[in-house]
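Residues per chain are reported as follows:
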Amino acid sequence: MFLAVAEEGNFRAAAERLGVTRSAVSQGIKRLEDICGIALVSRTTRSVRLTEAGNRFREALAQPIADVKSAFENVAGDTRPSGLLRIAATSIAERFLSGPLIASFAEAHPAITIDVTVTDDIFDIVAAGFDAGVRLGDVIERDMIAVPLTKEEREVVVATPRYFEVHGTPRHPRDLVRHRCIGWRPSPSAAPYRWEFEEGGIPFDVAVEPQITTNDLSLMVRTALAGGGITFALEETFRSYIDRGELITALDDYLPPFPGFFLYFPDRRNMAPKLRALIDHVRAYRLASS
């Protein structure tokens, strides 16, 4: 009940999810707080939010509750993969989000319901109630198990041939500050992403101060195709446009490859069949793709 309230942020929504009354949820949380001897939620007329103690309690409960759920699923009479599978994926995981992998997994496992949340926020997937996540390997917590989803990735600097013809082609990443750039940021409150390069084996980044900034990758691509400036993202994002000559790359010598995307999940002794099915499917899909 506490975890439902924490995830829903609302007593009524938690009650609907659990199939009980709002009053039952409110009374249950009060009893739990009496047992703990401290307030776990802060109530308002419209919502509830976790107190500092509530957040610590939620984080401590997340893994044990997940293990209990997995244990129930593993001893169920029907061992076929089934149930709700929640995945948090970064917005730039094109291979995962493009459709074929998820579609083929759904076809192979009709008893599994798939819920994919696309988010660029960094958070604890276990505490947030997700079964697995998809991210670049260098931002995954060390206590997670990671299965490769793609080969090495590489970022590229691109613009239209016409843009480079009119404004010149940058010869060094620091030349970008004199160009009209199209940047990306994960949220309105975050600073634009600093473009990362490497020279002589030493990494460095450039704050390009983009004239156009967005959290929508597709808008970045469309604006670049319209001649709006230089942009920067994973090569896979632009591959079809590069192949057709609609966009061309620059500064390639400063952009070496790096570890690609991984499916990651907590180390559980009792892994749910639905998660095991996804892991096996990702491995088979990657093998077939390569």
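In this text, all values refer to a predicted model and were calculated from it rather than measured experimentally.

### Considerations on the overall build of the protein chain
Part 1 of the reasoning: Check the secondary structure of the protein chain and you find 10 helices and 14 strands.
Part 2 of the reasoning: Taking all 290 residues of the protein chain together, 42% fall into the buried category.
Part 3 of the reasoning: Looking at the protein chain alone, contacts between residues at least 24 apart form 72% of all its contacts between residues at least 6 apart.
Part 4 of the reasoning: In the form shown here, the protein chain has an accessible surface area of approximately 15,700 Å², with 51% of it arising from carbon and sulfur atoms.
Part 5 of the reasoning: Distance between charge centroids for the protein chain: 5 Å, based on 34 positive and 39 negative side chains.

### Focus on the nonpolar core
Part 1 of the reasoning: Counting residues in each nonpolar core, the largest one holds 25 residues, and the members touching the most others are Phe96, Val134, Leu149, Leu263, Phe265, Leu278 and Ile279.
Part 2 of the reasoning: Secondary-structure elements contributing two or more residues to this core are strand S3 (83-89), helix H6 (100-108), strand S5 (132-136), strand S14 (261-266) and helix H10 (273-289).
Part 3 of the reasoning: It is H10 that provides the largest number of residues to this core, a total of six residues.
Part 4 of the reasoning: Aside from chain neighbours lying at most four places away, what touches phenylalanine 96 is Ile87, Ala89, Leu101, Ile102, Val116, Val134 and Leu149.
Part 5 of the reasoning: Membership of the second largest hydrophobic core comes to 17 residues, among which are Val157, Leu176, Phe197 and Phe204.

### As for the sheet that holds strand S7 (residues 155-159)
Part 1 of the reasoning: Here five strands make up an open sheet; going across it, the order is S11-S8-S12-S7-S13 and the pairing mixed. Two strands lie at the open edges of the sheet, namely strand S11 (212-214) and strand S13 (248-250), each paired on one side alone. Neighbour to neighbour, the strand axes of the sheet diverge by 35° on average, direction disregarded.
Part 2 of the reasoning: Of the strand pairs in this sheet, S7 and S13 are connected by three bridges, and their pairing is antiparallel. Among the inter-strand pairings, valine 157 is bridged to a residue of S13, identified as alanine 250.
Part 3 of the reasoning: Across the sheet, helix H9 (residues 235-243) lies against S7, strand S12 (230-234) and S13, angled at about 120° from S12, the strand it touches most.

### Some points on the pairing of strand S9 (residues 195-199)
Part 1 of the reasoning: Relative to strand S10 (residues 202-206), S9 runs antiparallel, the two being bridged by five bridges. Paired with glutamate 199 across the two strands is isoleucine 202, which belongs to S10.
Part 2 of the reasoning: Connecting S9 to the antiparallel partner S10 that follows it, the hairpin turn spans two residues, and glycine 200 within it adopts a positive phi of roughly 60°.

### What about the packing of aromatic side chains?
Part 1 of the reasoning: Tallied over the full model, the rule gives eight aromatic pairs.
Part 2 of the reasoning: With centroids separated by 6.3 Å and ring planes inclined at 75°, the aromatic side chains of tryptophan 184 and tyrosine 193 adopt a geometry described as edge-to-face.
Part 3 of the reasoning: According to the relative accessible area criterion, tyrosine 193 is partly exposed, its value standing at 29%.
Part 4 of the reasoning: Each member of the aromatic cluster is reached from another via a ring pair, and the members are Trp184, Tyr193, Trp195, Phe197, Phe204 and Phe232.
Part 5 of the reasoning: The ring of phenylalanine 130 carries the charged tip of arginine 86 above its face, separated from the ring centre by 4.2 Å.

About the thresholds
- Residues numbered from 1 in each chain as written.
- Predicted model: local features only at pLDDT ≥ 70, side-chain atom pairs only at ≥ 80, totals over all residues.
- Heavy atoms only, no water.
- Helix = DSSP H or I, 4+ residues; strand = E, 2+ residues; numbered from the N terminus.
- Buried < 20%, exposed > 50% of the residue type's maximum accessible area, 1.4 Å probe, protein only.
- Contact = heavy atoms within 4.5 Å.
- Areas by Shrake-Rupley, 256 points an atom, 1.4 Å probe, with all protein chains shown as cover.
- Lys, Arg positive; Asp, Glu negative; His and termini not counted.
- Charge placed at Lys NZ, Arg CZ, Asp CG, Glu CD.
- Core = buried A, V, L, I, M, F, W, Y, C linked by side-chain atoms within 4.5 Å.
- Pairing = 2+ DSSP bridges.
- Axes fitted to C-alpha atoms, helices over the stretch in contact; angles between N-to-C directions.
- Phe/Tyr/Trp six-rings, centres within 6.5 Å; stacked < 30°, edge-to-face > 60°.
- Lys NZ or Arg CZ within 6 Å of the ring centre and 35° of its normal.

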